Structure formats: structure tokens, C-alpha cells
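Structural characterization, general
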Amino acid sequence: LDEVKDPKKEESFEEVIERYLPRIFNLVYYRVEDYEEARDLTQDIFLKAFKAYPSFKGNSSPYTWLYRIALNHTTNYLKKRGRMKNVSLDEIFEKNPESFGYTEDFKSELREEHIREKVMQLPHIYRDVIVLFYFESMSIDEISRLLNVPQGTVKSRLSRGREVLSRWLKELWEKI
Amino acid sequence: MNKKPLNCEEAERLIPLYVAGLLDDPAPLEAHLKTCRACREKVERERFIEDTLRTLKPYQPPPGLKEDILKAVKRPHGFSRLVRQPLFWTFIGTATVILILAALFLAKPKPKLLEAAPLTGEVLFPTQDAVILAKDFKLVFVYAPERPDIDVSVYLDDGEITGTVKSVDGLIVYQSPKIDEGYHKIWVRLKDRKTGEEKEFQRLVYVIGGEKK
């Protein structure tokens, strides 16, 4: 791995793995919704990245570069698996999300888990921007460049995604 | 220029961006919020969701994943993907079974030469003192198949035979091309090459219809 350390780049590939593995895994898991698949895909992504690392020019941060590989790889995977579909907002709102299972000893951890679940249920176009914006703390500009869509589109997806989440989480709100 | 005041439906759409700090011009919404208690409650609710989303702990990668990736990048490319293919494991499984069977077969103890076993054999044909037609004259002798280290000799009367001797897995079949009419002794001698031990098996038969002496 030392061999792939490029003096122009600040980090060796091992350092790249060390630094970004948790974030890439998190992103992949939110996209594929399966822990084992996320594990395998994350490994694939880093292998792809390893092969491509010598040609990585360092123009963007390794973080953005890795995210692009991760997004492309998981998108291809989801398309192959037939899990990438466009759903209209009306269809989403018609969904009747299950109860949050509120109990007297409702804990913040449980609340977090419910919110995670709801994020997972979002259509991909909304889920991606929610994950990147909130969990990865990316700016609208960064997301726009990463997803190759205008900033207005990112904002619109973010707003719609939040709108859907709000409706789904209304019950939770009322119980706390 | 006075903008048209927002209604609740319009305000609701802007609230997520507002709490996320992404609204370019929050003034119209803020104006609406001053006069609408329901939308203020929505803002409060959105802030709660916003705060929770921003502080959600990420999913942690499975233990050992980093080590697996490091191992995989050190392996020849493509191997890591290969090992996750069901067909790969089917192949490995089949190959393993074949190898185990082959190993078992090869390791199967060969029939040990029973060095201590006695020299054994039996004349199956002809029976003692049999009367047989010359054309039917033959010898069928079976001896210990587990003793390949023994020499087998077939004799007719006082000399070694010159006819056809077929030997397959301890079974000797001798057929004479021609034989005289009269009494004949046919016998087999087994000899252990290592110990020099010998054993003979004889038959005396009367042949009819052969060449007259």
C-alpha cells in the first residue's frame, strides 16, 4: 500500500481507507438498505478506488472522489437489482407508515432509529440529498457538483424529502 | 414592492428550507409565521426533525471490514469479488469434495501382501481321475490373488507345458493344443520368490479321443 502513496497526494491509500470507510459505509447502507450488501459494496468501492487511485489527480478531495465512486457503484448495483425506481410524492404520501411503537420509556436512541428507518424509506432522489446534507454535512454546492445537478434541484429535493419526512414523523412529534 | 402574503400551503413548503437555513429570502415566511400559530408549530416540529437529523449517529461499518479491504487490495485484482460469487464457492466445494475423494482413494490402504499367508490354490478343472475328451482337456487353476510375488508354473506329465496359458488375477487357464489318449498328470507349482517355499497341486485324468500313442 505504501507503493500507492503519491507524493502529490497528502494521504496514502491506507489512510484514505482509515479516514473515509465509516462515512462511505454509512452512505452505502442508506442507499442499499441491507447491512451485508452494504459491506460487500463498500469493499468493492474501495477496491475500485484503489485501482483508480494512481490516476486520481487530487483536484478534488479524496472524500468527494470516493463519494462519486460510491454513488456510481451503488446506483449501478441498485439498477441491476431493480430497486431504483421513481416514485411520485402522491404515492409516498399515500403510504401509511407503521406506528412508531411509542412506549413510556421512549428513548432518544429509539427515536433516532425511527428517523433512520424513515430516511431509508425515502425514494433515492430525496434520500441521497438528505444523507449528504445532514449526515455528511455537505453544502448544497458540494452536493450539486457531486450529483451533477443544479443547486436549485438539490434544494428542491431536500425540501421535498424533508416534507415527506415531516409527514411521516408527525406521529412521532405528537408523542414526545 | 409589497409581495403577496403567503398562505399556509405555500409556507409549509418553505419551512424545511427555512429551518435548514437554506431559504434565500425568509422575510415572506417570517411574516406569515407572525400571524399563523399552526405554521409556527410546524416550524417547531421541523426544528426538532432538523436537530435530530443533524445529530444522528452514522451506521458503523462491520468489524473487520477495514482489515478485509486491506487484505483484498493486496490480493490479485478481482479475487475479492470472485470469492463472494456463489458459483466460486460451488466450484470450490465441488473441487474440495473431489480432492477429498481422490485423497481417500489414494490413501486407501492397498491390499497388503500377506507375506505370512500360506501358498494356496485349487484346481477347479479337471477333477481328480476324471475322464475327459481330448478336445475338452484343459486346466483351470485358481491361486491366491493377493500373492503376486509368487511364480506359477504349469506342468504336463514330466515337462513344462507348451500350450496356451492365460493368467488373470490369480486364475490360470491352460489349454493344450494336442494331447495323447491315455493317462496324464497335470500339475501346478507355486513358488514364493522371497522365501523359496513351493507348493504343488496335481490332477490325474484319463484323456480319450486324443492322438493314439
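Our subject in this report is the structure included herewith. Predicted model, so just to flag it, every value in this text is computed and none were measured.

What follows covers the nonpolar core. Counting 76 residues, the largest nonpolar core has Phe13, Ile24 and Val119 of chain A together with Leu53 of chain B as its most contacted members. Beyond its immediate stretch of four places on either side in the chain, Val119 of chain A contacts Tyr30, Arg127, Ile130, Val131, Phe135 and Leu165 of chain A together with Leu53 of chain B. Among the nonpolar cores identified, the runner-up in size contains 22 residues, and Tyr143, Leu156, Ile179 and Val188 of chain B belong to it.

Another aspect to go through is the packing of aromatic side chains. All names here are of chain A. The full count for this structure, using the stated rule, is 14 aromatic pairs over all chains. Measuring from centroid to centroid gives 5.9 Å for Tyr20 and Tyr63, while their planes differ by 40°, and the two rings are tilted. Here Tyr20, found in helix α1 (residues 13–32), pairs with Tyr63, found in helix α3 (residues 62–81); they are 43 residues apart in sequence, far enough to count as distant. Look at Tyr20 and you get buried, because its relative accessible area is 7%. Judged by its relative accessible area of 9%, Tyr63 is buried. Judged by centre distance (5.6 Å) and plane angle (50°), the rings of Tyr53 and Trp65 are tilted. With Tyr53 in the loop between α2 (35–52) and α3 and Trp65 in helix α3, this pair connects stretches of sequence that are 12 residues apart. Looking at Tyr53, the relative accessible area reads 1%, which means it is buried.

Attention now moves to the pattern of salt bridges. The tally for this structure, following the rule as stated, stands at 18 salt bridges over all chains. The salt bridge partner of Asp128 of chain A is Arg31 of chain A, with a shortest N-O separation of 2.6 Å. With Asp128 of chain A in helix α6 (residues 124–135) and Arg31 of chain A in helix α1, the pair connects residues that are 97 residues apart, well separated along the chain. Of the two residues examined, Asp128 of chain A and Arg31 of chain A, each falls in the buried class. A salt bridge links Arg162 of chain A to Glu50 of chain B; the shortest N-O distance between them is 3.0 Å. Taken together, the residues Arg162 of chain A in helix α8 (residues 151–175) and Glu50 of chain B in helix α3 (residues 37–55) connect one chain to another. Glu50 of chain B carries the same exposure label as Arg162 of chain A, and that label is buried. Here the salt bridges do not stand alone but share partners, grouping Arg160, Glu163 and Arg167 of chain A together with Arg13 of chain B into one network.

How each quantity is defined
Residues numbered from 1 in each chain as written. Chains lettered and ligands numbered in written order. Predicted model: local features only at pLDDT ≥ 70, side-chain atom pairs only at ≥ 80, totals over all residues. Heavy atoms only, no water. Core = buried A, V, L, I, M, F, W, Y, C linked by side-chain atoms within 4.5 Å. Buried < 20%, exposed > 50% of the residue type's maximum accessible area, 1.4 Å probe, protein only. Contact = heavy atoms within 4.5 Å. Phe/Tyr/Trp six-rings, centres within 6.5 Å; stacked < 30°, edge-to-face > 60°. Helix = DSSP H or I, 4+ residues; strand = E, 2+ residues; numbered from the N terminus. Salt bridge = Lys/Arg side-chain N within 4 Å of Asp/Glu carboxyl O.

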